[in-house]
Amino acid sequence: MRLGLAALALLAGCAAPPRTAAPPASPTVPRAAAAPAPSSTATPAATTSIASTEAAPGGLPRAWATESSGVAARFPDPAVRYATPAFAPQHPGYTSNAELRSFLQSLARDAEDAPNAPGVKLLQAGSSQTGVPIPALLFTHEPRGADLAARPTVLLIAQQHGDEPAGAEALLAVSQALAQGSLRPLLERINVIVLPRANPDGAAADHRLTASAIDLNRDHLLLRTPEAQAQAQLVREYQPVVVVDSHEYTVIGRYLDKFDAVQRFDALFQYATVANLPGFVTKASEEWFRQPLLQSLQAAGLSAEWYYTTSTDVADKKVSMGGVQADTGRNVNGLRNAISLLVETRGVGLGRVHLARRVHTHVVAVTSVLTSAAARAPDLAKLRRFIDADVAAQACKGQLVVEAAATPSEYALLMLDPVSGADKTVNVAWDSALQLAQQRQRARPCGYWLGADQLDAVLRLRGLGVRVMRLDAAGTLRAEAYTETARETGARADVRGTIADAQGTTLRVKVALQPLLIEVSAGSYYVPLDQPLANLVVAALEPDTQNSYLANRIVGSVDVQARVLGRPDVRMTALP
Ligand SMILES: [Zn+2]
């Protein structure tokens, strides 16, 4: 209970955020014994026109590739000009992969020549499926090779979906401002890692998915793509306390078909919304980040709403906030106890129309998040240590949620008349992710046992940063065994519809639990829940969800996994 009181006192300070840079006095957070230290040339709005003026029967144009002039006039270019390669005169498209790489290289090189400037280090986060490098930049005042832990780290990610270019352009502009310009002073208080283009193959093809047709932003628990593995490695290595994921959303398309309206908001926003998310992650996301973000956007003349989407099925008119499954970067990073923020701009399907405004929106949003993180740096570090310890301390106690769902409600959604551009309110059925309905709960075990042949699952858990133990000797564990009581196959799905997934179907199983003493062999594995990533382990190893390692055939059978109810009295070694 001492931990709970300490954190309450800490976040009490955030209910009324001080306007000055001075952080609120924070109590010492006790250390939990069990928690290990984890190692414009944009088209002027006035000339934007309807691509097809042919009206379908019923009067509404169905084949618009872009906006009416009435809609476009609602989104004038910002006064600011950005200097990324895409905005060079006569540049035909977006910043290419080669241009992006040399842009980052030159920022790192320039910093080397300026001895008193913050360090700017080019990182090779990984390579895409076609072998394109995935570069990132690390901005830090820490001397070369020093421990970065003196300051909290913020990770900025863009373009997980290749056809959403504005975030990448924005992160190049932000990188420039961090290295040379207005954002540099923030590096006195925080480290920043910028991963501007997470899916270079998709970007080159102007296509949402990765080269193997897997949706990168549904792959953060399963880690089947090298692109998701690259992000996981960055998070494992640098332990960011704040992660921003920059996307763009569909403006016309199915919204015109369903609601005779087009999308209105410059920015849509959502933090992590997933079962077992620590409450203080949500509270800090809302009070320390979302509130200042809304103020920053408003001050810049940009509109904002919660993030929402709708299925690709035209007959389904329900609108849903972003999903509640442990598959997206937003939710998986939340289960890593990071403050995990999604920002989406009004872009998919518009080509380069309004690109400067879309980029500006991302820059304003990211600048707000970096400024908030810098102002709260000591609090963020303390809060993270507390949450990590608190999650670890819950092992063997209480309940965990296996499956949660969004809460059906209604919402008066502001959209635009597709012709005049006037505001148009559409009353929609709205699935709110802000309140989760708990559909299936279980007692929280001390950990999970995995058979000696489950190396694939073990390597993925290690890739996520999870601590895994290997049993040095045979022994007996007090456990609950799973029995499969029903099985069907189906596609993974989310609020948009079927998830693009080249791997085919998943298994949907139902299970019963049976208390047992199980005999376990040397060489089998124990995944303890007394660690900060316990809730990520739950998402991977409780078998009866669509994202579990069993459902996705990484774990072969419920017979080779079990819930461990007492702390094992068996000699074990942590895997490197
Ligand atoms: Zn996206």
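What counts and how
- Residues numbered from 1 in each chain as written.
- Predicted model: local features only at pLDDT ≥ 70, side-chain atom pairs only at ≥ 80, totals over all residues.
- Heavy atoms only, no water.
- Pairing = 2+ DSSP bridges.
- Helix = DSSP H or I, 4+ residues; strand = E, 2+ residues; numbered from the N terminus.
- Axes fitted to C-alpha atoms, helices over the stretch in contact; angles between N-to-C directions.
- Contact = heavy atoms within 4.5 Å.
- Buried < 20%, exposed > 50% of the residue type's maximum accessible area, 1.4 Å probe, protein only.
- Expected span 1.5 Å × (residues − 1).
- Polar contact = N/O pair within 3.5 Å; in protein donor to acceptor, adjacent residues only side chain to side chain.
- Salt bridge = Lys/Arg side-chain N within 4 Å of Asp/Glu carboxyl O.

J.: Can you lay out the sheet that holds strand β7 (residues 304-306) for me, pointing to particular residues and giving the numbers?
T.: Across the sheet, which stays open at both edges, the 8 strands sit in the order β1-β2-β4-β3-β5-β10-β6-β7 with mixed pairing between neighbours. At either margin of the open sheet sits one strand with a lone partner, and together these are β1 (119-127) and β7. Strand-to-strand twist of the sheet, defined as the mean angle between neighbouring strand axes without regard to direction, takes the value 25°. Across 5 bridges, strand β6 (residues 267-271) lies against strand β10 (residues 339-348) in antiparallel orientation. Bridge pairing in β10 places Ala 267 opposite Thr 345. Across the sheet, helix α3 (residues 97-112) is in contact with β1 and β2 (133-140); its angle to β2 comes to roughly 30°.

J.: Please provide a residue-by-residue account of the pairing of β1, values included.
T.: As defined by bridge partners, β1 adjoins β2 across 8 bridges and the pair is classed as antiparallel. Following the sheet pairing, Ser 127 is matched in β2 by Pro 133. What sits between the antiparallel neighbours β1 and β2 is a turn of 5 residues, in which Gly 131 has the positive phi angle 90°.

J.: Please give an account of the sheet that holds strand β21 (residues 572-574) that cites residues and values.
T.: Spatially, β18-β15-β20-β13-β19-β14-β21 is the arrangement adopted by the 7 strands of the open sheet, whose pairing is antiparallel. Strand pairing shows two members of the sheet lacking a second neighbour, β18 (506-520) and β21, which therefore form its edges. The average angle at which neighbouring strand axes cross in this sheet is 30°, direction not considered. Bridge count for strand β15 (residues 475-490) against β18 is 15 bridges, and the pairing is antiparallel. Residue pairing across strands places Thr 489 opposite Leu 507, the latter belonging to β18.

J.: Before we move on, can you summarise the pairing of strand β19 (residues 525-528) with the specific residues and values?
T.: Residue alternation in β19 divides its side chains into two sets, Tyr 525 and Val 527 and Tyr 526 and Pro 528, and both sets are buried. Here 4 bridges tie strand β13 (residues 447-450) to β19, and the two strands are oriented antiparallel to one another. Directly across from Gly 447, in β19, lies its bridge partner Pro 528.

J.: Can you explain helix α6 (residues 226-238)? Please cite residues and give values.
T.: Residues three or four positions apart in an α-helix share a direction because the helix packs 3.6 residues into each turn. With 13 residues, α6 extends 18 Å from end C-alpha to end C-alpha; this agrees with the ideal 18 Å at 1.5 Å per step. Burial in α6 covers these residues: Glu 227, Ala 228, Ala 230, Gln 231, Ala 232, Leu 234, Val 235 and Tyr 238. Directly after α6, the chain includes Gln 239, whose backbone phi takes a positive value near 50°.

J.: Can you explain the environment of Ser 420? Please cite residues and give values.
T.: Looking at where Ser 420 falls in the secondary structure, it is placed in the loop between β11 (399-416) and β12 (423-443). The class of Ser 420 is partly exposed, set by a relative accessible area of 43%. Measuring from C-alpha to C-alpha, the distance between Ser 420 and Ala 72 comes to 9.6 Å, with 348 residues separating the pair along the chain. When near neighbours in sequence (up to four residues on either side) are disregarded, Ser 420 contacts Gly 70 and Val 71. Polar side-chain contacts of Ser 420 include one of 3.1 Å to the backbone nitrogen of Ala 422.

J.: A description of unusual backbone geometry should follow, citing residues and the corresponding values.
T.: Excluding glycine, residues mostly carry a negative phi; peptide bonds, for their part, are mostly trans. One non-glycine residue, Cys 396, adopts positive backbone phi at about 70°. Among the structural elements, Cys 396 can be located in the loop between α11 (377-393) and β11. Residues other than glycine seldom take positive phi values, yet Arg 553 does so here, at roughly 60°. When you line up the elements, Arg 553 lands in the loop between α13 (534-541) and β20 (561-564).

J.: Explain the pattern of salt bridges residue by residue, including any values.
T.: Inspection of every chain in the model, using the stated rule, returns 25 salt bridges. Across the salt bridge formed by Arg 440 and Glu 403, the nearest N and O atoms sit 3.5 Å from each other. Of this pair, Arg 440 sits in strand β12 while Glu 403 is found in strand β11, placing the two residues 37 residues apart along the sequence. Using a relative accessible area of 29% as the deciding quantity, one classes Arg 440 as partly exposed. By relative accessible area, Glu 403 is classed as buried at 17%. Among the charged side chains, a network of salt bridges with common partners joins Glu 403, Arg 440, Arg 442, Glu 480, Glu 542, Asp 544 and Arg 563.

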